Amino acid sequence: MKNEATSVSLTLDLWTSKSRQGYLGITCTFINSQWKLKELTLTIEYIRYPHTAEHILETLESVLEEWEIRDKVYTITTDNGSNVKKAINNMRGVKWLGCVAHTLHLVVGKGMIPAQVLIMRAKRLIDFFMRSKQSERLEIIQKKISDIAKNSNKEINIDGLEEEDEEVYNLLKNNSEFDVSQTSDYLNVIADVTTRWNSSFLAWQRLLKLKDYINLLISTLSTKLDPDSKKDCKRLKQIMLQEQEWDTIKDLVSILKPFAEATNYLGGNKYCTYTIMVPTLIKIINRLKPSTADDEKYVSEINFKNLENIFDDQISIEDDEKEKSNPTAIRRLKINDPANTKDLVKKIKLTLYAAMKHYWKNLIAPEVLLPSLLDPRIKDLSFVSVKERFDAEELLNDEYDQEKLKSLSSSTSIQDDDESQEYDSIFASFKTPASKEINEITEYLSLKKINFESDPLVWWHGQEENFPILSKIAKKYLAVYACSTSSERLFSDAGNLLTAKRNRMSPKFFKKIMFLKRNGIHVDSIHKQL
């Protein structure tokens, strides 16, 4: 890193161990001389309480000085915590970047508030099938359908079937809309975890696939005479979603799919994400844009300071089934009656649009568009206007001139030494005069852009000699992560090491173990070569 990195970017996050000690996780990314994106774990450093911006900054500066990379740091990606953000903003010459995944979580959490009753009703149905008994019943239904579907072209003797199997066969035969294309896989519900909105998205997707199986389970349970089946059938009928609710969930999944795709793609750590961040967010905003004056008025009246988050807040539900009340609940919801789905999808789209504009107020500023301009896949900036693209190009010209001056000043002394030695040489007159200097930016922008599936780092590696100055600028921007998921992966490993039964490990020893575990991939061998 010291020898090859001209610029580095960091991800940073705070973590509390089982022993209630606070740690600061720091990862570092840079592009090496071979144009490979490298990620290192710098440290997982103990940080003293309280975790104020001052203490965070003090710890961070100490780590950077230890690694001797303080002057190379360009951007630090973190979540939206006010203490972390304040610490980064107080650093000289370092840019703070909010984690896109965390911000999208806030956007969807606030945007889905109009559907909170429907969301909690869907969660209640999911929780019902999270129990082992109900999960097994759902799997049995799928297996029976699979067996019957395999024999759909054969003559089946109904008299030879058990009563339950006969019920399944008749329903399958009479329901032309029933989808048996995936009956080779036995699906279970996916847990809806409130701390990550995309888990709710995946849970709803799965629930839609299981809808027909759940209806079939209700029909088969209604034929049972034992008390346990009657009780479960009654409960399942009570919590089953209405048809209009199913339709609304289907629409919501369609609306939220771009958010899920953006979260997954921008959370990667094997490819460039920062340059794709802005065009991705602009595409999402354009899909949600209001179409009428009334819609724009609705958006303007939304106050996000008072708007809650459907995924973060503690919610207690009023249900007919006896459940323990949540003492930490902020609000209570009545979910026994079906959700009012009239204009619900429209309200959610407009609220999501307002939330996107609230958290990303200016995605067309030149400094925001500049990273995308250096990505050969999207350098034409087709997602913004001609003027906005021109402003970004002007800013790139300014940065290019600054980088050019740096390169000239650093090479002047070397050139002076070489010229003094060659001045008296008899071969000096045979040297080819230097060719006229090309405008790297004009030349770069005139080239045809590459396919989106191509790797921009591979492209820059092949063009580095043609664009020696511009490639240095590209290295700085292409190494930035749009999300702080690297730090979260670090904490996932940390939680596996510092468990409840192994919580007496000293912070110093813990840091060394984690450093070896995370960075071992970069070392061929720990033994000396013979």
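Quick notes on the rules
- Residues numbered from 1 in each chain as written.
- Predicted model: local features only at pLDDT ≥ 70, side-chain atom pairs only at ≥ 80, totals over all residues.
- Heavy atoms only, no water.
- Buried < 20%, exposed > 50% of the residue type's maximum accessible area, 1.4 Å probe, protein only.
- Helix = DSSP H or I, 4+ residues; strand = E, 2+ residues; numbered from the N terminus.
- Pairing = 2+ DSSP bridges.
- pLDDT = per-residue confidence, 0-100.
- Contact = heavy atoms within 4.5 Å.
- Expected span 1.5 Å × (residues − 1).
- Bend = angle between axes of the 7 residues up to and from the residue.
- Axes fitted to C-alpha atoms, helices over the stretch in contact; angles between N-to-C directions.
- Parallel < 35°, antiparallel > 145°, perpendicular 65-115°, else oblique.
- Left-handed = near helix turned anticlockwise from the far one by under 90°.
- Salt bridge = Lys/Arg side-chain N within 4 Å of Asp/Glu carboxyl O.
- Phe/Tyr/Trp six-rings, centres within 6.5 Å; stacked < 30°, edge-to-face > 60°.
- Lys NZ or Arg CZ within 6 Å of the ring centre and 35° of its normal.
- Nonpolar A, V, L, I, M, F, W, Y, C, P; charged D, E, K, R; others polar.

A. Quick peek at the pairing of strand β2 (residues 22-31). Within β2, ten of the ten residues are buried, leaving the element largely enclosed by the surrounding structure. Residue alternation in β2 divides its side chains into two sets, Gly22, Leu24, Ile26, Cys28 and Phe30 and Tyr23, Gly25, Thr27, Thr29 and Ile31, and both sets are buried. Sheet topology note: the strand β1 (residues 8-16)/β2 ladder contains eight bridges and is antiparallel. Bridging across to β2, Leu14 finds its partner in Leu24. Count of turn residues in the β1/β2 antiparallel hairpin: five residues, of which Arg20 carries a positive phi of about 65°. Two elements, β2 and strand β3 (residues 37-46), share nine bridges in a ladder whose sense is antiparallel. Residue pairing for β3: Thr27 is matched across the bridge by Thr41. Taken together, β2 and the strand that follows it, β3, pair antiparallel across an intervening segment of five residues, in which Trp35 is found at a positive phi of about 60°.

B. How the structure looks around the confidence of the model for the protein chain. Across the protein chain, the average pLDDT comes to 86, with 82% of residues at or above 70. Note on residues 154-161: pLDDT under 50 across the span, and nine contacts to partners over four residues away in sequence or across chains.

C. Molecular detail of helix α9 (residues 243-266). End to end, α9 covers 35 Å across 24 residues, agreeing with the expected 34 Å (1.5 Å per residue, within 8%). Taken as a whole, α9 carries its principal kink of about 40° at Leu256; the proline Pro258 stands between one and four residues after it.

D. Up close: the packing of helix α1 (residues 53-67) against helix α2 (residues 82-89). One way to put it is that α1 packs onto α2 with a least axis distance of 8 Å and a crossing angle of 55°. The angle between the axes of α1 and α2 places the two elements in the oblique class. Our pair here, α1 against α2, has a crossing hand that is right-handed. Between α1 and α2, the contacting residues are Ala53, Glu54, Ile56, Leu57 and Leu60 on the first element and Asn83, Val84, Lys86, Ala87 and Ile88 on the second.

E. Spotlight on the sheet that holds β2. Strand order in this open sheet of five strands is β3-β2-β1-β4-β5, and the pairing throughout is mixed. If you trace the sheet from one side to the other, it starts and ends with β3 and β5 (95-98), each paired once. For this sheet the average axis-to-axis angle between neighbouring strands, irrespective of direction, equals 25°. Against the sheet, α1 makes contact with β1, β2, β3 and β4 (73-78), and its axis sits at roughly 125° relative to β3, the strand it touches most.

F. Spotlight on the environment of Val193. Relative to the helices and strands, Val193 is located in the loop between α6 (163-174) and α7 (197-221). For Val193, a relative accessible area of 39% puts it in the partly exposed group. For Val193, the residues in contact, after removing those within four places along its chain, are Ser199 and Ser200.

G. Layout of the pattern of salt bridges. Inspection of every chain in the model, using the stated rule, returns 21 salt bridges. A salt bridge links Arg377 to Asp375; its shortest N-O distance comes to 2.7 Å. Each member of the pair Arg377 and Asp375 is classed as buried. Overlapping salt bridges, with partners in common, bring together Lys133, Arg137, Asp228 and Asp232 in one network.

H. Main features of the packing of aromatic side chains. Taken as a whole and judged by the stated rule, the model has 17 aromatic pairs. Residue placement shows Lys476 over the ring face of Tyr74; its charged tip is 4.8 Å from the ring centre.

I. Structural detail: the packing of helix α11 (residues 293-300) against helix α12 (residues 344-359). Running from amino to carboxyl end, α11 crosses α12 at an angle of 60°, the nearest separation of the two axes being 9 Å. Taken together, the axis directions place α11 and α12 in an arrangement best described as oblique. Crossing of α11 against α12: the hand is right-handed. Between α11 and α12, the contacting residues are Asp295, Tyr298 and Val299 on the first element and Lys346, Lys347, Leu350, Thr351, Tyr353 and Ala354 on the second. Looking at the contact of α11 with α12, its residues break down into five nonpolar, one polar and three charged.

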